[in-house]
Each structure stands twice: as structure tokens, then as C-alpha cells.
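# Summary of structural features
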2 protein chains.
Amino acid sequence: LTQSHPANIDFNAQHSPMGAFMSFTCGHFGSPGGIGIEIGKPASQNVFIGLKTGDRKSLAPLKCLPFFKHVPEIAPVSTAFTGEQQIATKPQARRIESYSSEQIRRSYNWATDTWETPDFKFTIFSPFGPMPQPDTDSKGARESLLPAVIATLEIDNTKGKETKTAIFAIDFVEQGARIIGEGKHIGFAWKRKMGVLGKIESDNDSPAAIIPVQRWSVPDALADVNPVHALGTFGGLAVEVPAGSKQTLVLSIGVYLDGIVTTGLPGKYFYTQFYSSLDDVLTTALSRSPELRAESAKLDADLKNSTVSPDQQFLIAHSTRSYYGSTQLLDIEGRPFWVVNEGEYCMMNTLDLSVDHVFWELKQNPWVISNLLDSFSQRYSYTDQVKSTDGKIRDGGISFSHDMGVNNNFSPKGISSYELPHLPGCFSFMTQEQLCNWILMAGCYVAFTRDTKWLKDNASLISSIADSFRARADSRGLMTFDSALCEEGQEITTYDSLDESLGQARANTYIAAKCWASWLALEMLARVGKFDIGKNLADEIAKLLTTCPVDDTIPAVLEKENPGYHSRILPVIESLVYPAYWLDCLKTWENPSDLRQLFQNALKGPFIDVLKKHTIKLLTDPKSGNLFPDGGIKLSSTSNNSWMSKIAIFQYVAREVLHLEKSDPSIAKIFQKADDAHVKWQTDGSSYWACCDQIISGKAIGSRYYPRIITTALWLDEKRQS
Amino acid sequence: LTQSHPANIDFNAQHSPMGAFMSFTCGHFGSPGGIGIEIGKPASQNVFIGLKTGDRKSLAPLKCLPFFKHVPEIAPVSTAFTGEQQIATKPQARRIESYSSEQIRRSYNWATDTWETPDFKFTIFSPFGPMPQPDTDSKGARESLLPAVIATLEIDNTKGKETKTAIFAIDFVEQGARIIGEGKHIGFAWKRKMGVLGKIESDNDSPAAIIPVQRWSVPDALADVNPVHALGTFGGLAVEVPAGSKQTLVLSIGVYLDGIVTTGLPGKYFYTQFYSSLDDVLTTALSRSPELRAESAKLDADLKNSTVSPDQQFLIAHSTRSYYGSTQLLDIEGRPFWVVNEGEYCMMNTLDLSVDHVFWELKQNPWVISNLLDSFSQRYSYTDQVKSTDGKIRDGGISFSHDMGVNNNFSPKGISSYELPHLPGCFSFMTQEQLCNWILMAGCYVAFTRDTKWLKDNASLISSIADSFRARADSRGLMTFDSALCEEGQEITTYDSLDESLGQARANTYIAAKCWASWLALEMLARVGKFDIGKNLADEIAKLLTTCPVDDTIPAVLEKENPGYHSRILPVIESLVYPAYWLDCLKTWENPSDLRQLFQNALKGPFIDVLKKHTIKLLTDPKSGNLFPDGGIKLSSTSNNSWMSKIAIFQYVAREVLHLEKSDPSIAKIFQKADDAHVKWQTDGSSYWACCDQIISGKAIGSRYYPRIITTALWLDEKRQS
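Residues numbered from 1 in each chain as written. Chains lettered and ligands numbered in written order. Predicted model: local features only at pLDDT ≥ 70, side-chain atom pairs only at ≥ 80, totals over all residues. Heavy atoms only, no water.

### Notes on the sheet that holds strand E4 (residues 46-53) of chain A
Each strand in a sheet pairs with another by means of backbone hydrogen bonds, the pair being arranged parallel or else antiparallel. Residue and element names in this part refer to chain A. With mixed pairing, the six strands of this open sheet are ordered in space as E6-E5-E4-E11-E16-E15. Every interior strand has two partners, whereas the edge strands, strand E6 (96-98) and strand E15 (210-213), have only one. Across the sheet, the axes of successive neighbouring strands diverge by a mean angle of 25°, strand direction being ignored. Here strand E5 (residues 62-64) pairs with E6 via three bridges, running parallel. Bridging from a neighbouring strand, Cys64 pairs with Ser98 of E6. (Pairing = 2+ DSSP bridges. Helix = DSSP H or I, 4+ residues; strand = E, 2+ residues; numbered from the N terminus. Axes fitted to C-alpha atoms, helices over the stretch in contact; angles between N-to-C directions.)

Rendered as C-alpha cells:
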């Protein structure tokens, strides 16, 4: 076996279809996983993928991939039935062993995850791609919304002298397993909700039969006179592979949740419009498996052939999986409603995540962005008052809720599940930042799609957004007035668990730069839509940020008494991604000249020079405190809490917009070392939790099982100018 | 506080509506419980029912009933959100304490379970009664199928000097809690499936407001500036009770599972025909709470005023709850389909349980028996071959599957989830006993209802059942030929985990007596239906059992080489319950004379004398081994495994049919002592598992959370003749 990349293969990955809020998760040694639906964490099913020498009744030990937790009590489940009677078992048949990591090679690509042992090869295929708008392309939507992934278990016994017996089994946590299928398609399911269907591909004309297995203990059942007992908690499929042949067990692993699954708004899974049942899903997936495997291979090749490094490829592949694992396309009263759940927290469409997903989503399926923008404006917007510095309350303006609810429970209109009054930090309101997020997404949407119809429909809203920006800012454009919804608390940013450097919104330079980009978005939208937005504060903000540096770096918070005044943050450059993105979009426009000018001007001059100087200093000055000891990037000099999704945007801007690798050759090395550290944050620091965003000193602490790191896919757009 | 009965109050009870396969379970100290749906065990929710001195922000400790497991990690759930930030908490507010058992009085009645502390009184109301046939009495069915129970939390602060704050909260296991309701009706729910709705009853014109609470830690949330956060895992309702007033929080605790919930057959809950949502259920239950509480009080009084002893009352009350917790009325293609799930095993309509439920079910709602009989005959019957003693296979006949499936998964036609070939014991076929069970139920149904239309429709089936009996028996009527479905195994009895004394069906005297009663049923049905059943073997069996005793007792198995030949079993008298029951039913018939004669003859003469002598000897001879050291009844002399449901029938027959207490005064004392032991089996031996059937030396080992002990309700029919 050759070396795996990454070196540490002992980590969970989410294998997910699109829009089903489902993952088949495995990879972390000694942990259960399996099929999880609507949960922000791995499921708790022991997964047995293994092989033994001999036919199914052989007493050889069953050797499995380490995707289960040894539970000494597995066998005695049956004692509740058998009481004093002892069921005679052959102790040898009880043996179950795990392959050690030295015996496994893992190949982790964009849409395949392959585990190779000396005895077999197990691959999970999770292709992804555009998800057509269901109301305009129902065939394409049906295909893309298939709530299943494919796996193959290949046993090459062509050189063997003995039969080998392989098994794929899942031990469900609650009772409810059943055997399904007939003829050549045999599988197992848990009630009506999740299941696996298998078929055999053989190298000869005698494909092996699939032997269904269901009892309490996998090795016992495999060797038992009755391999199936409907009372058993696990379901499995076994194959006896004769010496001299190669057999591949092809599996579809899918889910089906029928009926309304949400509260607040009546949402069904959109896939239920296209598939009638779990059986339908599994059968369709199995029949489409050649095509789904080919699509996966194509995606793997796309990533392999891209210009990004192997470390970066890993981060992109890892984040793509966790992104899709959190996605959920609902049908609300017949119309599609797009939801990305917030990883382990399961908040729905957290807007400060949506804005980071926008680049990926526009590339894949731009309609989901207007869908999101409309859901926010129609249901999850509100108008607030703000707290003046003189203690008075005055008019604020429109903004948007942090999210639309949590755990499938939609919040009431204008209310998020997250935001609370009276707080100085985590769980306070994000009024200013969410206002930025909506308008930045709208800017991206219009720049990418040129959907002027949508823009016209939203002109008055966009004007009122400009008013709302001004109501929160001082004359320099700086966010100065907290929403009165905070009561005696204060607004926070998306970095909600960070210290004052990024936790506080007011006078924050990260927020200031985001407001600057928002004004550019407003300007673009107003020009394209030909409506008025009143005074634009972009220049004032740029001027303020240009003149505020201390020792060539920008304070995190522009309040001299605030501890954040001494913090230094890298994300102050994040917002440059927007004008750069819009500029790129303009290439396909017919008459973009004045907008091109707008953004080209925005991306040069003293403000940009200051940001560049700030960033280079923070990256290269060992005293700055913006690198971790392992070389990973530390977003704030005063906190050990860092967000991978934001690092990815930061790196993209640093390379692609500020051309820092060109300005300072040491930066390429710093980034390379950082990439290496960031891979380890995931594989070592977040090994159980799949892809994780929030990392404290290399360890996954929060924002785990998270979609947002899909921002790493921005790297694929880098032109690598030198 | 006065003394509770039973003395040990530290045991779980299922509080269940009818037909919803749902329980609100609590009572076992230090264990989670709460609302369980479609599971054969207590749910895993911490339940907090408690009170503190002062208003909700007071820092006094919160003192709760011990219905939760102290989880030191409760507070840090939030660290996944707050990362490095420390949320300031007042350590005093974290304190949560439990009442000790000395501080609690529990009053456990037929339909109320009351927990009284020095500070409050908490009562759960679970009324039950006839469940009308939905197609003929839709209003009655709607009322009886309401999937909710009622609870009250009474805080009498009329003599207090300070405000007191009470709370009822449930910490759900998975994320998904939400606050529901408005105005005076406030509650909380978990997604769309389960929830609680509250209202206040006050002793004055100022009812307290209900304060919704939802966060991660109950005591913290109660005192927090924001008692509700939609991200919280628990939901709760708090009430501030001012000094000088009494406030009662009235709660409806209900569930709602929408859509098809089964596989194999498409079953929905029948209650979904009557209620549109969880909100509808909870609101209806709350509005009906006065009536439901009154019904419960009436049931309590009925049991209290009955002739049975306090120990027996306890067993009846306990078993009634677990029986209803396992019931499930489905709507399959518009028609009702009755299911009793088999406790912890969740097998559906296990026929050897159904036959024991028949007395209770006929009294409550006779239509479910024809529903069951028809489900078995139409879908869960089969025709087998039998194994001749000469090793040949010959024709057997019709019989019925052990069950209809498991865990909401209906088995294919004619197949049970339980039975397997090749086995000598547990999980083998119960062909002979299930054949008895169906015809005994049919006999009870016709005797009770005089439904001659049903009988006519089933005449040909009943004739073939007689053929099937003969095909399995030798010329003495003794079951001699095992079903060929067993392959090299052998048939077993409902005592599937017992030794040969009751585990083996062939030549078993318990089965023989059951066949004898079955022939009486066949005779009755043939006479009433005026059809032919061929030769009746009742007399042959009676003769055999009359002549087989050794030392005045009947061997368990009539095979001299079999170890069971030396076992002595009490259930050999069980089948006398049937002719006695039928005789009782005949009282309402117009022309029952020949049938009355049939059963009166059956219940006297040498056979009955032998059974009587057998039983008296086993109960009174210290060497017989049919009593446990604690005085509990041991069904088999050679096994420590005993079944409470069967003991109950045995005791009924011993007292009411054989009049043993009259024949031998010591037997009344033996039974009284046994009742006391049987109570302890439940309260001590099965404290976590609510009502349990299978007891090994006083401990609940299997058949836990079980419906079958409802046979104890037979005791209520005893005439206590002296």
C-alpha cells in the first residue's frame, strides 16, 4: 500500500447527496457513524465493512474497517429474549478484528473516498453538481435531488485459493431494521427512513448471490444457520467470493423522509415530489450507479488537475462534503425553499454563513441565492431602532435576522433562533453585519446573473437598506449605533465567540470594510437598476481606514479605550473579495464600463495600499501574533480562536486581490506551511467531527460538521498570476 | 406525609393514552424518562418537576422530583457556541437538588399517579375505558383515541410568606425543542412529534402567568435575563406563585405522528383521522382536562372499592398502564387495525399475548378481538406439514404466525418476525400453541358477543382448525408431531426461555390442557354455528391428563426420558379459565342450556379433581419447588423463570374455578404472601422497566415494559365465593 494523503487517515467524512440533510459518515477509527438524517453530528451506528476467509459459515475472524466501537455487550442483547436459556454459540465465530491504520490506504478525493486493505477496496461516491431549479427543470432537479450516495465493496479473489466472505452491515441504534429487496437487488432498511440496497457486479457470468444478514452480532449472524432474524438490530449484506473471481457489491445508501418535516412553515423534502418511497430512492440510485460513479471520477479528476496544492485539494474536498451534508431543499406549499443548516448547531440559513456560501452556490445553482434573498426579505427582515451615543433611541432601519430558525423549526417572522437582548457577546444581535450580508449577496447575485427583473422588484428594499446603513453609522461611515434590540447589550459579528477584536461590531474595522464593500454593492445595484440610494459612504469609510493605522497596522476596533484597539485582525481585508468577484462577473456583461471603473478604482489606491501593508506586516512580523505555532493562520492577534472558512477567503484575497505572494516571496511559504497546519486541524483536531470551522489552537471546539468551509473552493478560481 | 403504597415508590410507570404507542414515563429515581413514542423502553429525557423559593430570578436552589440523571456536562453544552468566551453565570443559580424518598409520598392508583412533596403535588392522569369502533362511533373513537395524558402541578402557597417558583421541564435528547402556544396556553414541543401545553388554574381571580423556559440548563435558564433561547435543548413552563395564593399548572402531554408509520402494510395512527396536528391534540386535551381528571378519579374509586387487596390493586394499576403504553390503533387504508406491541420487544400482536389480553379487551372493546382474529386469518395464517415419529413428513394443517412483525415493520404474509427453523428452544415455531390461541380467542369472542355473523363467515376456517389439531396429535389427543417448519428443531411454547418443563410443546401437559380447552371452544363454535368439526379430542385429553399423575402431580412433559418429565408446572390448570369464562358469558344468552351443560361438565369430575390435587400439592408441599423463597409463585419446579401474567391467570383459576382457598385455608395465606412478593418483583425487581412479565428470582430479566400483565384484571371478576 502506498502512502495516503493526508497522512492521518483517521478522520470522519460526511458523504452526502444534495439537499437531503443527510450524511453517511465514517472514517474516524473506533467510532460509530453511519446514516444520519437531520442531525448536526455523526450518527451512532456501528458500521461493519469486512471480510473473512472461507464461506459465510467459516469460523475465521471477521476483519473490518475500524468504523465501529467495540461494545462488549453486543451479544447479550439477546438475553432479554432467552432468559435462563443459553444460546449455544461457537466462540470462534464471535471474533471481530479491525484493520490497523498501517493496513489501510485511504484515497480522499473530491467525490470519492476509497479505503483499501490487503483484502478489499471500499469506495463511497458522493457526486455533486448543479441543482437545477425544480420549477423550470424538473428532470434535472429529480436527478440532482436523489437522496442517496453510492458505495462499492470490491473483493478481488482472482488470485486466491479459498472462498472469501465479505460483509457490509449497519447496526442501527434503535430497533427497526428490516431486510428489503428481491431477486438480485437485496438490501436492508431502518423502518421507512433509511436504507441500503445492493447488487453484484462480477468479473464472470456467475455473479455471487447477496446474502442478507440481520441479527444482533455481525460475526455470529454471518456464521449462523439463520443469518436473518427480523428481531435483529443490524442489517447487512454478505457475499461469498469464490477463489478465482472478483465480485463487487454495489450499494445505494439513501434516505426518505415523508410528509411535513418542519414547523413554523410547512416544509417537505423537495425530493418527495420526485420519489415515492425509500425503495424508489434506493432502486433509482442503484440503477444510476454507473453514471454516478462516472460523475464522481470526473469530479475527482477536475480537482486533481486544478492548480491548487494537495493540501488545498484536501480542504476543498473535505469542505464540499460537509457543505452538502448540511443542505436541505424543502418544498413549501409547492415552491422550493433552500436551506443550509448550520452544521452542529442546525440553525437554518444563518445569513452570515449564506454570504460565504454565495460564491459556490452561484457557480452551482444561482437560483438558490435569489430564493434565499427573497426568504430573508419576505419573512426574516425587521426594522429596528438604534441607540445613539447620547443614550437616546432613534430610528434605525431594515435589517435581517441572523437565521430562519433551528432544527427544522422555522422561527416567527423577523425573529432568529439565535439573537437575544441584554448581551455583550455571543448570542447578541448581528444587525449591522447581516445588513451587509444581504446586500453583498444581492450584489453577487445581480453581478453573476444580471437578473434585472429581480433587481427592479427589490429596488425600494435596496434603497431602504442604504438608509439603514446610514442610520447606524457616524459621519465617517463607521458603524457607531448599536441596535436598540440589544437593550443594554451590544451588537456582535459572525465571530461571536471571539474577544473584542472581532466579537464587537461597533467601530470594528472588519465590519467597516464590510460596510465599504456593501456601499459598492449598493452603488452597483443602484446604477444597474437605475434607482437612487442617497449618499454613498464608501469613500468616507475607505478614508477612515486609510488614516487609522498605528505602526502600519489597522486596529481591530477604532475605540481607543477598547481592548480591541490593540488587537490586529486579518479579516479586515476580507471584503476585497466582493469587488474582485464583481469585476470578474462583469467580463460577461455587455456594457460594464462604468461599473468596471468603479471596482477597479476601489481595488487600488491608498486604502488598498494600507490593507496590503497591514496584512504583510501581520503575516511576516513574528511579534504580530497572527500565526499559530504550527504555522496556521490566527485571524486575531489576541485570540486563539480561528475560523477556517474565513482564513480561506483571507488567503484568496491576499493572493488573488492583493497579490501578496508576488509582493513578498516569503508569504507563499507562510501560506504553504499554513495549508499544511490547516489540514491537520481537520484530520487531527477535528477527526471525529468531519469538517470544522472554529478551531482553537488546532482543536475543533465549535462550528463542527460545518458547511461554511466551502469558501476554500474560491481557491479554484485563482489565476495564480505571478 | 403518610405512608405510600407500595412501600418502595422508586419505580417507573408508563402513563399512556390508548392506541398511541406512547408513554410519559417517570418514577424511577435518578433515571431519565419522559415522552417515549414507538419504543419498548423509557425515553431518555431528563424531567424536571420542581420548585424554588422566591421569584424566577431567585438564586435559591431548585428542588426537583428525582426524575433526572445528574449530568455534570449539562452547562457546557453551550461551550460549542461560546468557544473561548465565558458566559458569566451565577454559580448559586446552578444548584439543583432532588427530594429524597422520605420527602415524597406517592399515591399510585388506577388512573392517577400522585407525587406529593412538602412544597407541591404533581399528579399524572391517564384515564382509560372503552374504545368505540371508529367506523360506527366516530365521536366516541375521537375522544378515546386522544393521544395525550394530563398532569397537574399544584403549588399551595396560601400559608407562605414568599413567592415560590415552580417548573415543569423536559430536556429532550436530540435538538429540536421549541416553545408553543399563546396567551394563557403556553407550552413546548419537540419538532412536530411531542409536546406539552399548559394553563393555570388559580384559587383567585389573578391566575399566574406561565413563563416559558428554554435553554440548556434548567436552573440557569430560570434565573436568566433571557429564559427562552430557541437554541436550548429543553423546554419548560414556570409559574411564580405569590404568597397567599394557590396555583395549579395543568398540563397536556401528547404526541402526534403524521403519515404512514409502518412498512409491509401502510399504517397511519388512527388518531390522525381525528386530529390535525400536535397543537390540535394538546389543545383538545387541555380543554378536556376537567373531564379527563374526573374520569381518572372515577377509575381510581372503582379499583379502591373493588374486592381485591391493596397488593392486587397495585398490580392491576401497574399492568393497566403498561398495557396501554403498548397499544396502537392503526388506520390501514381507511380501516382500523388493532396492534398491541410486545413491550420491550415491540413485536406486533404476538398471538400468545393476544390470547391473554382477550378478557380485558372484550370487556373494553370487543370489536378489537374480531379485528385481531381477522388480521390473523387473512394475513398471518399458514399451512404446514408435520414431522411424524417415523421421520416422515406428512400433512399438518392451518396455524397462525407468532406475530405480525416487529417495530412497525409488518412481516410478509404468513410469516412472523420471531420464528426461525433449526432451533430446539427460543425463537423456534409455536405452531400448536398459536393454533390453540386463535381458537380460544374466537371462542371468547363468540361467547361474549354472540356475533353469529362473524362465526358463519369463519365456519370453514374453524373446521380446518379442528383438522389441524387432529393432525398434530396422537390418538390420545396429545400434541405429538412438531411442525416441519422447525426442520430438525422442535416447537416451543409461549414460555420460550424456560427449560424443557414449559419450553417444549410436544407432549407438554400445559399445551395438552390448552388443546383440551380448544376442543371445548371448537365444540361450542360448531354447535352455535351449526357446522361440523369432526371428531372432538377433548375427552381423550382429559382422560390422558387424569391418568398420568405421578405422586398426585402431573409431569410437565409426558415423555419419560425427557427431563421435563420430572418437572412440575402450575400452568397446567391455566386453561380452566376458558370454560369458566364461557360459562359466565352464557348468562346473557337466551338458550344456552346445552352449552352450559358442556362447560359445567368440563369443570367437574376426575380431570378437575386431578388438577386440583396437583395444584394443592405443588403449592403446599415445601419439596415441590413451586414457590420462590420470597413466597412468589414459581410456575415450573425446575426453573427460576416465572411470568407474572401467567401467575395472575393461575391464581384466578385456583381461586375462582378450583376454589382452592376454600379447599385448603393455607392457600389463601400462600397467595397473600405471593401477592406481596409479586409487588416487590415490580417495584424492586423491575424498578426502571415499569411493568415486567418475566421474572427470574425476583428480578426483571426480559418481557419488560410489558402489556400482558393486564391478566391481573381478571381478579376484579372474582366473586370471592367462600
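### Remarks on the pairing of strand E12 (residues 177-182) of chain A
Across six bridges, the pairing between E12 of chain A and strand E13 (residues 185-190) of chain A is antiparallel. Considered in E13 of chain A, the bridge of Ile179 of chain A is made with Phe188 of chain A.

### Notes on the relation of the copies chain B and chain A
Mapping chain B onto chain A calls for a screw motion: a turn of 180° about the axis and a shift of 0.0 Å along it, with 0.0 Å RMSD after fitting. In symmetry terms, the pair is related by a two-fold rotation axis. Across chain B, the smallest distance between a C-alpha and the rotation axis is recorded for Gly259 of chain B, namely 3.3 Å. Comparing interface residues between copies, 100% of those in chain B also sit at the interface in chain A, which points to an isologous, same-surface contact. (Least-squares fit on C-alpha atoms with pLDDT ≥ 70 in both. Contact = heavy atoms within 4.5 Å.)

### Let's talk about the interface of chain B and chain A
A common way to report how large an interface is uses the accessible area buried once the components associate. Of the residues lining the interface, 58 residues belong to chain B; the matching set on chain A comes to 58 residues. Summing both sides of the interface, chain B and chain A together bury roughly 4600 Å²; the carbon and sulfur share of this comes to 54%. Taking the shortest distance from any N to any O, the salt bridge between Lys191 of chain B and Glu38 of chain A comes out at 4.0 Å. Remark: the boundary between chain B and chain A carries 16 residue pairs in polar contact (both at pLDDT 80 or more). A per-element tally of the side of chain B that touches chain A places helix H1 (residues 79-82) of chain B first, with four residues. Classifying every residue of the side of chain B that touches chain A by side-chain character gives 24 nonpolar, 22 polar and twelve charged. (Buried area = accessible area lost by both parts, 1.4 Å probe. Salt bridge = Lys/Arg side-chain N within 4 Å of Asp/Glu carboxyl O. Polar contact = N/O pair within 3.5 Å; in protein donor to acceptor, adjacent residues only side chain to side chain. Nonpolar A, V, L, I, M, F, W, Y, C, P; charged D, E, K, R; others polar.)

### What about the nonpolar core?
The biggest cluster of nonpolar side chains holds 240 residues, and the ones touching the most others in it are Phe24, Phe122, Phe168, Trp438 and Trp582 of chain B. With 15 residues, helix H13 (residues 509-529) of chain B is the largest single contributor of residues to this core. For Trp438 of chain B, the residues in contact, after removing those within four places along its chain, are Leu351, Leu373, Phe376, Ser377, Phe400, Trp454, Asn458, Leu461, Ile462 and Ile465 of chain B. Within the second largest apolar cluster, 239 residues are counted, among which are Phe21, Ile37 and Leu299 of chain A together with Phe81 of chain B. (Core = buried A, V, L, I, M, F, W, Y, C linked by side-chain atoms within 4.5 Å. Buried < 20%, exposed > 50% of the residue type's maximum accessible area, 1.4 Å probe, protein only.)

### Brief notes about unusual backbone geometry
In the Ramachandran plot, Ser703 of chain A falls in the positive-phi region, its phi being about 50° despite a non-glycine side chain. On the secondary structure map, Ser703 of chain A appears in the segment after strand E27 (699-702). Non-glycine residue Asp551 of chain B carries a positive phi angle of around 50°. As for its position among the elements, Asp551 of chain B is in the loop between helix H14 (538-547) and helix H15 (577-586). For Asp551 of chain B, a relative accessible area of 62% translates into the label exposed.

### Thoughts on the packing of helix H11 (residues 459-472) of chain B against H13 of chain B
All names here are of chain B. Between H11 and H13, the least distance of the axes is 11 Å, while the angle of their chain directions is 150°. Overall, the two elements H11 and H13 adopt an arrangement that is roughly antiparallel. Handedness of the H11/H13 crossing: left-handed. Only Cys515, Ser518, Trp519, Leu522 and Leu525 of H13 make contact with H11, whose side of the interface consists of Ile462, Ile465, Ala466, Phe469 and Arg470. Among the residues forming the contact of H11 with H13, the class breakdown is eight nonpolar, one polar and one charged. (Parallel < 35°, antiparallel > 145°, perpendicular 65-115°, else oblique. Left-handed = near helix turned anticlockwise from the far one by under 90°.)

### A short note on the side chain of Ser636 of chain B
Residue and element names in this part refer to chain B. Relative to the helices and strands, Ser636 resides in the loop between helix H17 (606-620) and strand E25 (641-643). Separated by 2.7 Å, the side chains of Ser636 and Ser501 make a polar contact. In this structure, Ser636 is in contact with Leu498, Asp499, Ser501, Leu502, Ser567, Arg568, Ile569, Gly625 and Asn626, ignoring residues within four places of it in sequence.

### Some words on the side chain of Arg379 of chain B
Residue and element names in this part refer to chain B. Within the secondary structure layout, Arg379 lies in the loop between helix H8 (367-378) and strand E21 (381-387). No salt bridge is formed by the buried Arg379; its nearest oppositely charged neighbour, Glu333, is found at 8.8 Å. For Arg379, the side chain forms a polar contact with the side chain of Tyr380, separated by 2.9 Å. With near-sequence residues (within four places) excluded, Arg379 lies in contact with Gly264, Leu265, Asp374, Ser411, Pro412, Lys413 and Gly414. (Lys, Arg positive; Asp, Glu negative; His and termini not counted.)

### Brief notes about the packing of helix H9 (residues 431-449) of chain B against H11 of chain B
Residues and elements named next belong to chain B. At a minimum axis distance of 11 Å, the contact between H9 and H11 shows a crossing angle of 145°. Seen from above, H9 lies across H11 with left-handed handedness. Residues Thr431, Gln432, Leu435, Cys436, Trp438 and Ile439 of H9 pack against Leu461, Ile462, Ile465, Ser468, Phe469 and Arg472 of H11. Taken together, the residues of the contact of H9 with H11 break down into eight nonpolar, three polar and one charged.

### Observations regarding the packing of aromatic side chains
Each aromatic ring pair is specified by the distance between its two centres and by the angle formed by the two planes. Across all of its chains, the model carries 75 aromatic pairs over all chains by this definition. Joined through ring pairs, the aromatic side chains of Phe24, Phe122, Phe168, Phe172 and Phe188 of chain A make up one cluster. Sitting above the plane of the Tyr108 of chain B ring, Arg321 of chain B keeps its charged end 4.3 Å from the centroid. When the ring centre of Trp689 of chain B is taken as reference, the NZ or CZ atom of Arg704 of chain B above it lies at 4.2 Å. (Phe/Tyr/Trp six-rings, centres within 6.5 Å; stacked < 30°, edge-to-face > 60°. Lys NZ or Arg CZ within 6 Å of the ring centre and 35° of its normal.)

### Here's the deal with the environment of Val173 of chain A
All names here are of chain A. Structurally, the position occupied by Val173 is in the loop between strand E11 (164-171) and E12. The sequence separation of Val173 and Thr233 amounts to 60 residues, and the corresponding C-alpha distance is 7.6 Å. Beyond its immediate chain neighbours, meaning those up to four positions away, Val173 contacts Ser44 and Gln45.

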